[in-house]
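Residues per chain are reported as follows:
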Amino acid sequence: MISIKQKLALHRKLFISFIKIGTFVFGGGYAMLPIIQREVVNHHQWISEKDFIDMLAVTQSAPGPVAVNTSIFTGYKVAKLSGAVTALIGVVLPPFTIILLLATFLSSYSDNYYLIQFFAGVRPAIVGLILGVGLKTGKNIIHTSFDFFLAVLALILLLVLGLHPFLIIILGALSGLLYSYCKKSSSQEDN
Amino acid sequence: MYWSLFKTFFLIGAFSFGGGYAMLPLIQEEVVQNHSWLTATQFADILSIAEMTPGPVSINTATYVGYQISGFSGSALATLGLVLPSFILISTLASLVLKHKNNPYFQGVFRGLRPVVVALIIGAAIILGLNTNIFTNVAEILLTIVALGLFYFTKLHPILLLLSFGFLGIIF
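Quick caveat: nothing in here was measured; it's all calculated off a predicted structure. (Residues numbered from 1 in each chain as written. Chains lettered and ligands numbered in written order. Predicted model: local features only at pLDDT ≥ 70, side-chain atom pairs only at ≥ 80, totals over all residues.)

### Some details on the overall build of chain B
Here is the rule we go by: Each helix is a run of DSSP H or I of at least 4 residues and each strand a run of E of at least 2, with the numbering of both proceeding from the N terminus. Any residue whose C-beta has 12 or fewer other C-beta atoms within 10 Å is treated as exposed, any with 20 or more as buried, and any in between as partly exposed, C-beta atoms being built from the backbone. Whether two residues are in contact is decided by their C-beta atoms, placed from the backbone, lying within 7 Å.
Of regular secondary structure, chain B possesses seven helices and zero strands. For chain B, buried positions account for 47% of its 172 residues. Residue pairs at least 24 apart in sequence account for 40% of intrachain contacts in chain B once pairs closer than 6 positions are excluded.

### Describing the packing of helix α1 (residues 4-24) of chain A against helix α4 (residues 66-105) of chain A
Residue and element names in this part refer to chain A. Formally: Angles shown run from 0 to 180 degrees and are taken between the N-to-C directions of axes, each axis being a line fitted to C-alpha atoms and, for helices, limited to the stretch in contact. Every angle not falling under 35 degrees, over 145, or within 65 to 115 is termed oblique; those three ranges are roughly parallel, roughly antiparallel and roughly perpendicular. Two helices cross in a left-handed way if the nearer one is turned anticlockwise from the farther one by less than a right angle. They cross in a right-handed way if the turn is clockwise.
Where α1 contacts α4, the axes come no closer than 7 Å and their chain directions differ by 40°. Between α1 and α4, the angle is such that the two are oblique. Both α1 and α4 take part in a crossing whose hand is right-handed.

### Quick notes on the confidence of the model for chain B
Rules: The predictor's confidence in any single residue is recorded as pLDDT, a number from 0 to 100.
On average, residues of chain B score 89 in pLDDT, and 97% of them are at 70 or above. For this predicted complex, the interface score ipTM comes out at 0.86, while the overall pTM is 0.85.

### Overview of the interface of chain B and chain A
Which entries qualify depends on this criterion: Polarity classes work like this: nonpolar for Ala, Val, Leu, Ile, Met, Phe, Trp, Tyr, Cys and Pro, charged for Asp, Glu, Lys and Arg, and polar for all others, with Gly in that last group.
Of the residues lining the interface, 83 residues belong to chain B; the matching set on chain A comes to 94 residues. Those elements that place two or more of their residues in the side of chain B that touches chain A are α1 (2-15), α2 (19-34), α3 (40-51), α4 (57-99), α5 (104-131), α6 (138-153) and α7 (158-171) of chain B. Taken together, the residues that form the side of chain B that touches chain A break down as 53 nonpolar, 26 polar and four charged.

### Overview of α1 of chain A
Side chains that are three or four residues apart share a direction in an α-helix, a result of its 3.6 residues per turn. Counted only if it meets this: The span one expects for a helix is its residue count, reduced by one, times 1.5 Å.
Counted at 1.5 Å a residue, the expected span for α1 of chain A with its 21 residues is 30 Å, and the 30 Å between its end C-alpha atoms agrees. Buried residues along α1 of chain A sit in contact with α2 (33-43) and α4 of chain A together with α7 of chain B.

### A word on the packing of α2 of chain A against helix α5 (residues 113-141) of chain A
Residues and elements named next belong to chain A. The contact between α2 and α5 brings their axes to 8 Å, and the two run at 50°. Regarding the angle of α2 to α5, the classification is oblique. In this structure, α2 contributes Leu-33, Pro-34 and Gln-37 to the contact, and α5 contributes Leu-129, Ile-130, Gly-132 and Val-133. Taken together, the residues of the contact of α2 with α5 break down into five nonpolar, two polar and no charged.

### So, α7 of chain B
Residues and elements named next belong to chain B. Keep this limit in mind: Working note: the arc is built from the helix axis to C-beta atom directions.
Compared with the 20 Å implied by 1.5 Å per residue over 14 residues, the 20 Å span of α7 between its first and last C-alpha is a close match. Listing the buried residues of α7 in full gives Pro-158, Leu-161, Leu-162, Phe-165, Gly-166 and Gly-169. End-on, the buried residues of α7 take up no more than an arc of 135°, which puts them together on one face. Along α7, exposed side chains directed more than 90 degrees from the buried face belong to Leu-160 and Ile-171.

### Side note on the environment of Leu-89 of chain B
When you line up the elements, Leu-89 of chain B lands in helix α4. Along the backbone, Leu-89 of chain B and Ser-75 of chain B are 14 residues apart, and their C-alpha atoms lie at a distance of 22 Å.

### Here we look at the domain arrangement of chain B
Rules: For every domain, the bounds stem from an assignment made automatically or drawn from a database.
For chain B, the domain assignment lists domain 1 (2-99) and domain 2 (104-171). Each of domain 1 of chain B and domain 2 of chain B has a C-alpha centre, and the two are 26 Å apart.

What follows is the structure in structure tokens.
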């Protein structure tokens, strides 16, 4: 059993990690992946690389902002419901505070020259980092020709046919079930 | 008023599939067309600010829209409404997934999901690059490759990388 003191320390770490994540997510939910991977998988090792991908499968196919969903899932994995609340508050608090301050004090914020230039520089970096997460996780996930085929197919469905990610996830789940079923029955025949 | 603000954002949070950006048209329809809380121009201004502020875009938008409609309590209610469905659903899903991790059907499902999620992440990067016209400009393609290389091959923190590239943008 872990003591109350250890529990508090764990929640404090969780909170600080998600404050960081909430502060430095520029843009949409995918932009948080490099930071959340670093904090949660590499730094604190709360979640393994494989479980990280499994979690993303769930948080992407559920409704709601992916960034928020992923924070709640991670918090839950680390310390059940109280962990989920801690991570959620951590990730929401920075943007909430920043927007309130901006709304109160600055009305012409988005015309600011330096800010526009800053974001012009950040954007290619975000694209590069998200690609990096994809390649890093791909290296650990894609082993067999089935994995490779499925990944390429999903990429084509998304980019060329413009299919909704939710549908692609459902297709992935079905092909996984089918594949495991076929493999199981063929190995039974071998025996 | 407060109740309908909360309810509106709760429903948006509960029924928008595909993450924050997929939510924006839904928020616009509710806030501008259905409730006339804001004009289309006001909403467009809010969006440009939400996109240029750290934090998930949907949270930023909910907070700002709530504030415009009825100050601090409005922003708190809109944000709470938006994240509450996620909280209920994801906590439930997380406990199910963690409990049944070794179930053969679950493992079959995730066997297929994993490569698909990898593809979706790579696809998201490509779509973002296309939407922001990064791939049409040699300098920006180079910056993307440098960021990718630094992230992939070094242990530099991604926050540090993002901030450095932002300051590069200001200097050049």
